[in-house]
Amino acid sequence: MISYKRYMSKDGDYVASIVAKYSLKFLEDRSIISFAGGLPDPATFPVDDLKRIAVEVIEKHGCDALQYMPSRGVSTYVRELVDFLYRARGIRVDADNVIVTTGSQQAIDIIARMYVDEGVYIAVEEPTYVAALNAFRARKPRFIGVPIDDFGMRTDALEDKLRRLRSEANRINLLYTVPTAQNPSGVTLSVDRRKHLIELANEFDFLIVEDDAYGLMIFDEGASPPPLFCMDRSGRVIYVGSLSKVLTPGMRLGHIVAPREVIESLEPFKQIADLHTPSITQHIAAVALRERIIERSMPRIRSVYRMKRDAMLRAIQEHIVETAWWTRPIGGMFIWIKLNTRVDTERLLPKAYSRGVIYVPGRGFYHNEDGFDTMRLNFTYPSIDQIEEGIERLSRVIMEELCR
Ligand SMILES: Cc1ncc(COP(=O)(O)O)c(C=O)c1O
């Protein structure tokens, strides 16, 4: 038997170990109530429209749609995307400011490769999106964690940390944030803090990577602040977006929007990663955007998810221990609970599983493995009945643990 480990690069070994350690361990057991996944409700996928468009695209444009295409993206799709970004998020850019990526995960990965060296300081929210954390961890930076509250990242705490770093002749190179309906916590950065963050980026000279994965999935009318990208006047924000949550994740369509120079510098990394994002899904999405399929399906998606979020908030209010703090997201997919007790949510998980309910323990979302008493709950995938039953089961497991 060959021992393949012997042939592995140092990085290969390291990356395999961090991803194994920090990946979300989804339990695919259908008989239990799962708040663990990050899956959209498949009932929200515009299956009939996409089927019709896919057939049309292959019939009419098969030669192009099945051919190799430029690394930056299929030009008809990029044009439609540029229009869509303006309509949906108020982002006014040219095609030169855009690169299409294979999911926004790839966008984060190539940005990390471009801007993060071993040993440099980068800042992230505490907690933050685990797969982004892993993409950054693979670059071996030093993390500066910024705590959150109901209004998103605490920029006052960030400022303190930046001043302290400066007094030691250090600085951060980049800050990664999910400012709107964050994964995992669901919180949204207030307008005042957005302004403060941009001021800090200018004063302390760093780039902001704005991950807007949930920017279009806002349920409460008028509650969503503008993207940081639109508030910034100095070209410090690199915007990362995705069609995963509003069209389908399986099409793997993400994008980076940034000053032209940044896009040009990222293009070789994109090319090395996969030459280009599949032409076929870009062609299908181009038609879907032109036909405004997302705009047409969003009201229904929003109302389905709003009902589920409200059901989960009501159940938490009714059942979960009084000491707990939990978030009230304006959109996205997740509610975050900090129990404020001695219960360790990682140790509690097998017990919850034996009672037929699972969640994601919060520790993996912290760069420093903090957050032993936190958990992430997904409300988009389970039904309302499952949400009510699942929260009740969870509260019983927590109470039993507290009474031990
Ligand atoms: C905050 C955030 N960013 C990026 C992604 C990656 O999404 P995708 O690669 O499907 O665009 C996710 C997926 O759940 C996410 O929650």
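All values reported here derive from a predicted model rather than from experimental measurement. (Residues numbered from 1 in each chain as written. Predicted model: local features only at pLDDT ≥ 70, side-chain atom pairs only at ≥ 80, totals over all residues. Heavy atoms only, no water.)

Q: Whenever I open this one, the overall build of the protein confuses me. Can you help?
A: Of regular secondary structure, the protein possesses 13 helices and 14 strands. Relative to the globule expectation of 22 Å for 404 residues, the C-alpha radius of gyration of the protein, 21 Å, shows essentially globular dimensions. Summarising its shape, the C-alpha atoms of the protein cover approximately 65 × 60 × 55 Å along the three principal directions. Looking at the protein as a whole, 54% of its 404 residues qualify as buried. In the protein, the proportion of contacts linking residues at least 24 apart, taken out of those at least 6 apart, comes to 76%. Carbon and sulfur atoms form 52% of the exposed surface of the protein, whose accessible area is close to 18100 Å². Averaging the locations of the 54 positively and 55 negatively charged side chains of the protein gives two centres separated by 2 Å. (Helix = DSSP H or I, 4+ residues; strand = E, 2+ residues; numbered from the N terminus. Rg over C-alpha atoms; globule rule 2.2 N^0.38 Å. Buried < 20%, exposed > 50% of the residue type's maximum accessible area, 1.4 Å probe, protein only. Contact = heavy atoms within 4.5 Å. Areas by Shrake-Rupley, 256 points an atom, 1.4 Å probe, with all protein chains shown as cover. Lys, Arg positive; Asp, Glu negative; His and termini not counted. Charge placed at Lys NZ, Arg CZ, Asp CG, Glu CD.)

Q: Sorry if this is basic, but what is going on with the pattern of salt bridges here?
A: Close approach of charged atoms allows side chains of opposite charge to pair. Taken as a whole, this structure holds 28 salt bridges when the rule is applied. We note a salt bridge from Arg393 to Glu389, for which the minimum N-O separation is 3.0 Å. In this pair, Arg393 and Glu389 both sit in helix H13 (residues 384-403), four residues apart, roughly one turn of the helix. Residue Glu389 is classed as partly exposed on the basis of its relative accessible area of 32%. Salt bridges sharing common partners tie together Asp49, Arg52, Glu56 and Glu291. (Salt bridge = Lys/Arg side-chain N within 4 Å of Asp/Glu carboxyl O.)

Q: Could you clarify how one ought to interpret the packing of aromatic side chains in this entry?
A: Each aromatic ring pair is summarised here by two numbers: the centre-to-centre distance and the angle between the ring planes. Tallying each qualifying case throughout the model produces seven aromatic pairs. Aromatic pair Phe219 and Tyr305: ring centres 6.2 Å apart, planes at 65°, arrangement edge-to-face. A residue pair is termed long-range when its members are at least 10 positions apart, and Phe219 in the loop between strand S7 (207-211) and helix H8 (228-231) and Tyr305 in helix H11 (residues 293-319) qualify at 86 residues. Exposure remark for Phe219: the relative accessible area of 2% places this residue in the buried category. Residues Trp336 and Phe365 carry aromatic rings whose centres are separated by 5.9 Å and whose planes lie at 80° to one another, so their mutual orientation is edge-to-face. Of this pair, Trp336 sits in strand S11 (residues 334-338) while Phe365 sits in the loop between strand S13 (360-361) and strand S14 (374-378), and the two are 29 residues apart along the sequence. Here a set of aromatic residues connected by ring pairs shows up, and it is made of Phe219, Tyr305 and Phe379. (Phe/Tyr/Trp six-rings, centres within 6.5 Å; stacked < 30°, edge-to-face > 60°.)

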